[in-house]
Amino acid sequence: MRPNPFLSTALAVSLSLLAAGCGSKSEAEVASGTYTDPETGKTADYSISSKDGENGKVTIRTEEGEVQFGGEAKLPAGITPYPRSKMTGGFAGSGKDGKGGLASFEVKGNAADVVAHYRRQIEAAGLKVKSEMNAEDTIIISAEKPDDAKTSIQITATQNGDMVEGAVTYGSGG
């Protein structure tokens, strides 16, 4: 699949503006506007905000949907973070065919315990684990809703000393 040059260019512009906007001490829009792809003529609206000079977010809206990078990482409905974990980043997007995202985290603990925590919630939500991989220090499980392959979730947990670094990647249909 060929990368979307429109989204790539819009993202590059947005991220550079986000970096330029750092230093603000409260949630504030530091830039916004409309970008036109010179090849296709399609447009996208973007807004960039910064919170306390560190945590910013970039939002890009097109006629196909919206994507947000940065800001507070969000987990899908019904999924709660592993106790004492720190959400470290993420992105979310939505469009006519569904929505999805990624939320990364870190926590002091054991990767197997972290994955077990998420597995219990995934199964309680009616999703079925379809695959599990354990390679060196990384555990990955993937699950989907029966009869709805668009509703899926993947948990990745990597042991790094006494810390676990991981991500929850999710998607759901329209």
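Here's a quick rundown of the structure. (Residues numbered from 1 in each chain as written. Predicted model: local features only at pLDDT ≥ 70, side-chain atom pairs only at ≥ 80, totals over all residues. Heavy atoms only, no water.)

Quick notes on the overall build of the chain
Here comes step 1: Check the secondary structure of the chain and you find two helices and 10 strands.
Here comes step 2: Reading the secondary structure of the chain in the N-to-C direction produces α-β-β-β-β-β-β-α-β-β-β-β.
Here comes step 3: Every one of the 174 residues in the chain was classed for burial, and the buried ones make up 36%.
Here comes step 4: Taking all contacts inside the chain whose residues are at least 6 apart in sequence as the whole, residues at least 24 apart take part in 43%.
Here comes step 5: Put simply, the chain shows about 10100 Å² of open surface, and 50% of that area lies on carbon and sulfur atoms. (Helix = DSSP H or I, 4+ residues; strand = E, 2+ residues; numbered from the N terminus. Buried < 20%, exposed > 50% of the residue type's maximum accessible area, 1.4 Å probe, protein only. Contact = heavy atoms within 4.5 Å. Areas by Shrake-Rupley, 256 points an atom, 1.4 Å probe, with all protein chains shown as cover.)

What about the packing of aromatic side chains?
Here comes step 1: Applying the stated criterion to the full structure yields one aromatic pair.
Here comes step 2: A centroid spacing of 5.8 Å and a plane angle of 40° characterise the contact between Phe105 and Tyr118, whose relative ring orientation is tilted. With a gap of 13 residues between them, Phe105 in strand S6 (residues 98-108) and Tyr118 in helix H2 (residues 111-124) connect regions that are remote in the sequence. (Phe/Tyr/Trp six-rings, centres within 6.5 Å; stacked < 30°, edge-to-face > 60°.)

What about unusual backbone geometry?
Glycine aside, residues mostly have negative phi angles, and peptide bonds mostly take the trans form.
Here comes step 1: Phi is positive for Arg84, which is not a glycine, with a value near 65°.
Here comes step 2: Along the polypeptide, Arg84 turns up in the loop between strand S4 (65-70) and strand S5 (86-95).

A word on the pattern of salt bridges
Think of it this way: side chains of opposite charge can pair up when their charged atoms draw near.
Here comes step 1: Summed over all chains, the structure comprises three salt bridges.
Here comes step 2: Asp162 is the salt-bridge partner of Lys108, the closest N and O atoms lying 3.5 Å from each other. With Lys108 in strand S6 and Asp162 in the loop between strand S9 (148-160) and strand S10 (163-173), this pair connects stretches of sequence that are 54 residues apart.
Here comes step 3: In this structure Lys108 comes out as exposed when scored by relative accessible area, which is 57%.
Here comes step 4: Linking Glu123 and Arg119 is a salt bridge whose minimum nitrogen-to-oxygen distance equals 3.9 Å. On the criterion of helical spacing, the pair formed by Glu123 and Arg119 is a turn pair, its members being four residues apart in helix H2.
Here comes step 5: You can call Glu123 partly exposed: its relative accessible area is 44%. (Salt bridge = Lys/Arg side-chain N within 4 Å of Asp/Glu carboxyl O.)

Section: the pairing of strand S7 (residues 128-135)
Here comes step 1: By the bridge criterion, seven bridges tie S7 to strand S8 (residues 138-145) in an arrangement that is antiparallel. If you follow Glu132 over to S8, its bridge partner there is Ile141.
Here comes step 2: Adjacent in sequence and paired antiparallel, S7 and S8 are bridged by two residues, among which Glu136 carries a positive phi angle near 55°. (Pairing = 2+ DSSP bridges.)

Some remarks on H2
Side chains three or four residues apart in an α-helix point the same way, a direct result of the helix having 3.6 residues per turn.
Here comes step 1: Between its first and last C-alpha, H2 extends 20 Å over 14 residues, near the 20 Å set by a 1.5 Å rise per residue.
Here comes step 2: At its buried positions, H2 is contacted by S6, S8, S9 and S10.
Here comes step 3: Positioned one or two residues after H2, Gly126 has a phi angle of 90°, which is positive. (Expected span 1.5 Å × (residues − 1).)

A short note on the environment of Ile60
Here comes step 1: Assignment of secondary structure puts Ile60 in strand S3 (residues 55-62).
Here comes step 2: As for Ile60 and Tyr35, which are separated by 25 residues in sequence, their C-alpha atoms are 9.7 Å apart.

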